[in-house]
Amino acid sequence: MSTETLTVRFFARLREELDTESLELPASPNLTTGDILAELASRGGPWSQLQGDQPVMIAVNQAMAKPSTPVKAGDEVAFFPPVTGG
Amino acid sequence: MSTETLTVRFFARLREELDTESLELPASPNLTTGDILAELASRGGPWSQLQGDQPVMIAVNQAMAKPSTPVKAGDEVAFFPPVTGG
Amino acid sequence: MITVQTDDFDPAAEYQALRDSGAGTGAIATFTGLVRDSGDLQGVTGLYLEHYPGMTEQVIQGLIDQASQRWDVRKARVIHRVGRLDLCDQIVFVGVCSAHRGDSFAACEFIMDALKTSAPFWKKEITGDTEHWVEQKASDRDRSQAWD
Amino acid sequence: MITVQTDDFDPAAEYQALRDSGAGTGAIATFTGLVRDSGDLQGVTGLYLEHYPGMTEQVIQGLIDQASQRWDVRKARVIHRVGRLDLCDQIVFVGVCSAHRGDSFAACEFIMDALKTSAPFWKKEITGDTEHWVEQKASDRDRSQAWD
């Protein structure tokens, strides 16, 4: 991982529907997870659901986060559906 | 057991302090468990505790009962301290 | 099923029997009580448990029936030991299986709490050469009444 | 201790490990979740469980830490399986030992409830040739929030 980028991971239904396990994005200053969601949703198609009706859960560096959570180069961001274990 | 009598059983601390596992009493008409407690307590000595400060639990025919519960010939009455299992 | 016995019991076998209760079972909650080293007195080395044969089983069956009316109970199992027990021995087992976890937890805890205040067992703590009957705890009465 | 694994687990061995936690343990509460035959769809024949390695363990450790702050928790054990599971298979085990039963019940149920809504596991139900991701249940969110 370059220090100029951050990693975005997808799980479960999102991983399948986006056909993407992970991708690298440039880490611009003052970036939040919400910015990343908006940018990815603008790709259209299945990506639109990242800002759709269904809730998307967010983690930053493997801890639960919010759309307002700031992210920086080197961070691991994850988007996934509400969890259903147990 | 005669049909003219009922059985009274004691458990745990009461059994030990009264040195009695069970006894037979005549079954008079309109008898309640409270009447039996009063009669036994009147024996004095350790028997007084049946009407003392410590709670005495009552069962009739192996179901929890009250001092007002009526008893008749052939019944099994039991007196014991609050339970402490589990 | 309810068993009062002097012998030890095997929670693994009891768990397996609950698990074999059919494909609709999604949740198994179990509780096991052990003899602790700090009862009413310090230095407890063992217990002696007395019960009222016959009534004990009836009372516990009544608790299982109550639990089955309030929650989904596919199978419930209660084992309670009597007689002489040593430190760390198993005293009591309650296991419940249900479709959903909330029912299994609630029914298991209810049966255990209610057993403590209504099933005719009495515990005598043994400390070296002395022994004394355990007094019922107000906290146990409170926990049981919380289900009413 | 927390384990996420594809292999089955043995609740009997886990119980024994909890029981070996010392003479101060008076209460062991366990919960086991099984694959049921009635999920979102009728006729479920199996599950596929995915998780977020690393985050899963951190989240569950956080739940055990929270439980340990609220209740007496002498030892807590969580096992969660991932991958392909069949009907009646064991999915999850939560075991807690405490001095007193109230703590073991509360901590065990809290960990299980909170795990359902916060640990990153996802379940796909398999029904014959079709499969679909399970939606989170409002009842699970409610049960978890009830602990707040």
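Refer to the preceding data block for the structure.
As a starting point, this report considers the structure included with it. (Residues numbered from 1 in each chain as written. Chains lettered and ligands numbered in written order. Predicted model: local features only at pLDDT ≥ 70, side-chain atom pairs only at ≥ 80, totals over all residues. Heavy atoms only, no water.)

Examining the nonpolar core
Okay, so step 1: Formed by 92 residues in total, the largest nonpolar core has its most connected members in A:Phe80, B:Phe80, C:Ile111 and D:Ile111.
Okay, so step 2: Excluding anything up to four places from it in sequence, B:Phe80 contacts B:Phe11, B:Leu14, B:Val56, B:Met57, B:Ala59, B:Met64, C:Tyr52, C:Met55 and C:Trp122. (Core = buried A, V, L, I, M, F, W, Y, C linked by side-chain atoms within 4.5 Å. Buried < 20%, exposed > 50% of the residue type's maximum accessible area, 1.4 Å probe, protein only. Contact = heavy atoms within 4.5 Å.)

Observations regarding the sheet that holds strand β6 (residues 90-98) of chain D
Okay, so step 1: Strand order in the open sheet made by the eight strands is β1(C)-β4(C)-β6(C)-β2(C)-β2(D)-β6(D)-β4(D)-β1(D), with mixed pairing throughout. The open sheet has two edge strands, β1 (2-5) of chain C together with β1 (2-5) of chain D, and neither has a second partner. Taking the axes of each pair of neighbouring strands and ignoring which way they run, one obtains an average angle of 10° across the sheet.
Okay, so step 2: Note: strand β4 (residues 75-81) of chain D against β6(D), six bridges, orientation antiparallel. Following the sheet pairing, D:Val78 is matched in β6(D) by D:Val94.
Okay, so step 3: Relative to strand β6 (residues 90-98) of chain C, helix α3 (residues 101-118) of chain C is tilted by about 150°, and along the sheet it contacts β2 (27-34), β4 (75-81) and β6 of chain C together with β2 (27-34) of chain D.
Okay, so step 4: Helix α1 (residues 11-19) of chain D contacts β2 and β6 of chain C together with β2, β4 and β6 of chain D of the sheet and is inclined by roughly 15° relative to β6(D). (Pairing = 2+ DSSP bridges. Helix = DSSP H or I, 4+ residues; strand = E, 2+ residues; numbered from the N terminus. Axes fitted to C-alpha atoms, helices over the stretch in contact; angles between N-to-C directions.)

Details of the arrangement of the chains
Okay, so step 1: Pairwise contact counts over the three pairs of chains in contact peak for chains C and D.
Okay, so step 2: At their nearest point, the C-alpha atoms of chain A and chain C are still 10 Å apart, with no contact between the two.
Okay, so step 3: Between chain B and chain D there is no contact, and the shortest C-alpha to C-alpha distance separating them is 10 Å.

Regarding the side chain of A:Gln62
Okay, so step 1: With respect to the helices, strands and loops of the structure, A:Gln62 is situated in the loop between β3 (57-60) and β4 (63-65).
Okay, so step 2: Polar contacts involving the side chain of A:Gln62 include one to the main-chain amide nitrogen of D:Met55, which spans 3.0 Å.
Okay, so step 3: Not counting residues within four places of it along the chain, the set of residues in contact with A:Gln62 comprises A:Glu76, D:Tyr52, D:Pro53, D:Gly54, D:Met55 and D:Gln58. (Polar contact = N/O pair within 3.5 Å; in protein donor to acceptor, adjacent residues only side chain to side chain.)

With respect to the pairing of strand β4 (residues 57-60) of chain B
Residues and elements named next belong to chain B.
Okay, so step 1: Along β4, one buried face is formed by Met57 and Ala59 and the opposite face, lined by Ile58 and Val60, is buried too.
Okay, so step 2: Bridge analysis of β4 against strand β7 (residues 76-80) gives four bridges, and the strand direction is antiparallel. Counterpart to methionine 57 in the pairing with β7 is phenylalanine 80.
Okay, so step 3: Sheet topology places β4 next to strand β5 (residues 63-65); three bridges connect them, and they run antiparallel. Paired with alanine 59 across the two strands is methionine 64, which belongs to β5.
Okay, so step 4: In textbook terms, the turn of a hairpin is the stretch between consecutive antiparallel strands, and for β4 and β5 this stretch comprises two residues, one of which, asparagine 61, has a positive phi near 50°.

Some remarks on the packing of aromatic side chains
Okay, so step 1: According to the stated counting rule, one finds 24 aromatic pairs over all chains in the structure shown.
Okay, so step 2: Each member of the aromatic cluster is reached from another via a ring pair, and the members are A:Phe11, A:Phe80, D:Tyr52 and D:Trp122.
Okay, so step 3: Positioned above the aromatic ring of B:Trp47 is the side chain of B:Arg43, whose terminal nitrogen or guanidinium carbon lies 4.7 Å from the ring centre. (Phe/Tyr/Trp six-rings, centres within 6.5 Å; stacked < 30°, edge-to-face > 60°. Lys NZ or Arg CZ within 6 Å of the ring centre and 35° of its normal.)

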